[in-house]
Amino acid sequence: MVFAPKLSRRSLLLASGGAMIGIALPSGGGALAALGTTERRLVAGPGRVALAGESYPKTVVWCYGGNVPGPEIRLRQGERIRVVVENRLPEDTTIHWHGVRVPNAMDGAPYAPLPPIQAKESFTYEFVAPDAGTYWYHPHAHSAEQVGRGLMGAFIVEEPEPLKVDRDVVWVLGDWRLKDDVSIAAGFGNRMEASMAGRVGNTVTINGRVPGRFPVRSGERIRLRLINAAPARIFGLAFKDHSPLVIALDGQPIEPHTPEGGVVVLGPAMRTDLVLDMMGEPGRSAPVIDAFYEGLSYKLVDLAYSDQPPLRTQLSGPPAKLPPNTMPEPDIANAQRHNVTLTGGMMSDLGMSGGMGGMMGGGAMWAINGVGMPDADMEHMKPALTLTRGKSYILAVDNQTAWYHPIHLHGHSFRVITRNEKKTKYQEWRDTVLIPPHERAEVAFVADNPGDWMFHCHILDHQEGGMMSIIRVE
């Protein structure tokens, strides 16, 4: 007797898409795919970590592999990776490889196209990393709570010839709402918070610990990869007595430059690579201040110089510019334009009424082009835009709300070409653009990655409250 295995919708979709993985890679992926395969296993489940330090009780979290952040995954550009994810959470989950241009079936967006990984089940993600840079991974099912409880990790793709520095350091910035006993406070999904700035916590960590000192040595050059893995907090970091150079945004190289006003601004999900020349005196320290929210500045960490003599007294010129990645250049002059309007939030028609839902009910509080897509409706999403593969597009995003929105497009990177009708200085590549209240930004890209792609605000309460849609590339 032969028993036929049951095939879930996930299995059927993966089987039909599996043969396409080789041809669905973004531009450049196939040419780089001969470097071999890295294999990893990630177990998503409960854990206990010393978020506040060893002198405090451990905090019960949700995490990968028992740690926050999860294991750092580091591979070379063009390398293939295979990650088996085992779900030991009490609910379904996924992993989204934020900023990495993966085939659609590997993206980790629920029902776009595959359903999430159910509790006690596992799934294997496999793809080639086509672009070097700083990325991260996190769930995209029940995202606000799952990220808010600790599910996050760094995903680093190294250049074929890494930048010459003394140290390559990753800071995964986390934000938590802790009670006096350092347990995580309840209240995820609070709709009043979700209709404003989202769930901003009271405790900030670097790599899963409340930071005190970051040891440095005079004369060293550090590549500092900053990842904002917070569900809602925006960071504005000032490195006192230091002059960091920005060398990459969202993993994509940029002309090295000092940050505007000396402050590195990171909305949720955004990344910035800095080169920091540590030219302070041995034994001294310098604070890193987060002053994004007016009247709420605080010291994030001290750059603490050792007493060792300087590694060198003079650095040999500015850092080299990183080589470009493999994204196709959009034809801006002939690009098709689509207007995207963001609405909703507290005191708006959506926020206060929302039909039968609104702030106190279950309806959408935010909308894109008048349509709110709450998290609960993800299984039934229909594309808001249908684009043709290989053609260039401009999305003109108009934030008509009173709140910041970091807008993220899955499966693609885009150039930020204008802000408030003025051409941007660097025409920077990004995958997440932070748009202040009542401001506009235009982004341009080639729709080169076929499939259904989430387009949403990465303040995760906003996404779950309706500020999400699907862009289809045919």
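In case you missed it, the structure is sitting above this.
Residues numbered from 1 in each chain as written. Predicted model: local features only at pLDDT ≥ 70, side-chain atom pairs only at ≥ 80, totals over all residues. Heavy atoms only, no water.

Caption draft 1: The arrangement of the overall build of the protein chain in detail. Along the backbone of the protein chain there are six helices and 33 strands. For the protein chain, buried positions account for 58% of its 474 residues. A sequence separation of at least 24 residues applies to 78% of the contacts in the protein chain between residues at least 6 apart. Carbon and sulfur atoms make up 52% of the accessible area of the protein chain, which amounts to about 19600 Å² in all. (Helix = DSSP H or I, 4+ residues; strand = E, 2+ residues; numbered from the N terminus. Buried < 20%, exposed > 50% of the residue type's maximum accessible area, 1.4 Å probe, protein only. Contact = heavy atoms within 4.5 Å. Areas by Shrake-Rupley, 256 points an atom, 1.4 Å probe, with all protein chains shown as cover.)

Caption draft 2: Just the pairing of strand β15 (residues 252–257), in detail. Here three bridges tie strand β14 (residues 245–249) to β15, and the two strands are oriented antiparallel to one another. Across the sheet, A248 pairs through a bridge with P253, a residue of β15. The turn joining β14 and β15, which pair antiparallel and follow one another in sequence, is formed by two residues; a positive phi near 50 degrees is taken by D250. (Pairing = 2+ DSSP bridges.)

Caption draft 3: Examining the pattern of salt bridges more closely. Scanning all chains against the criterion turns up 31 salt bridges. Here R74 makes a salt bridge to E158, at a shortest N to O gap of 3.0 Å. Residue R74 is found in strand β3 (residues 73–76), and its partner E158 is found in strand β8 (residues 153–158); the two are separated by 84 residues along the sequence. The exposure class assigned to R74 is partly exposed, which follows from its relative accessible area of 26%. According to the relative accessible area criterion, E158 is partly exposed, its value standing at 23%. For the salt bridge of R82 with E126, the shortest nitrogen-to-oxygen distance reads 3.1 Å. Taken as a pair, R82 in strand β4 (residues 80–87) and E126 in strand β6 (residues 122–128) lie far apart in primary sequence, 44 residues in all. Judged by its relative accessible area of 27%, R82 is partly exposed. E126 gets classed as partly exposed once you look at its relative accessible area, which sits at 22%. Put simply, E72, R74, E158, E159, D168, R223, R225 and D273 are held in one network by salt bridges that share partners. (Salt bridge = Lys/Arg side-chain N within 4 Å of Asp/Glu carboxyl O.)

Caption draft 4: View of the packing of aromatic side chains. Following the criterion strictly, the structure yields eleven aromatic pairs and no others. An angle of 40 degrees between the planes, with centres 6.0 Å apart, marks the rings of F127 and F155 as tilted. Of the two residues, F127 is situated in strand β6 and F155 in strand β8; the sequence distance between them amounts to 28 residues. Ring centres of F292 and Y404 lie 5.3 Å apart, and the angle between their planes is 70 degrees; this geometry places the pair in the edge-to-face category. (Phe/Tyr/Trp six-rings, centres within 6.5 Å; stacked < 30°, edge-to-face > 60°.)

Caption draft 5: How the structure looks around the nonpolar core. Core analysis: the biggest nonpolar cluster contains 30 residues, and W171, L224, L237 and F239 have the highest contact counts within it. Sort the elements by how many residues they give to this core and strand β19 (residues 298–305) lands first, with four residues. The contacts of F239, once residues within four sequence positions are left out, are W171, L224, P244, V264, L274, L276, P287, V288 and L303. With 29 residues, the next largest nonpolar core counts A194, A447, I459 and M467 among its residues. (Core = buried A, V, L, I, M, F, W, Y, C linked by side-chain atoms within 4.5 Å.)

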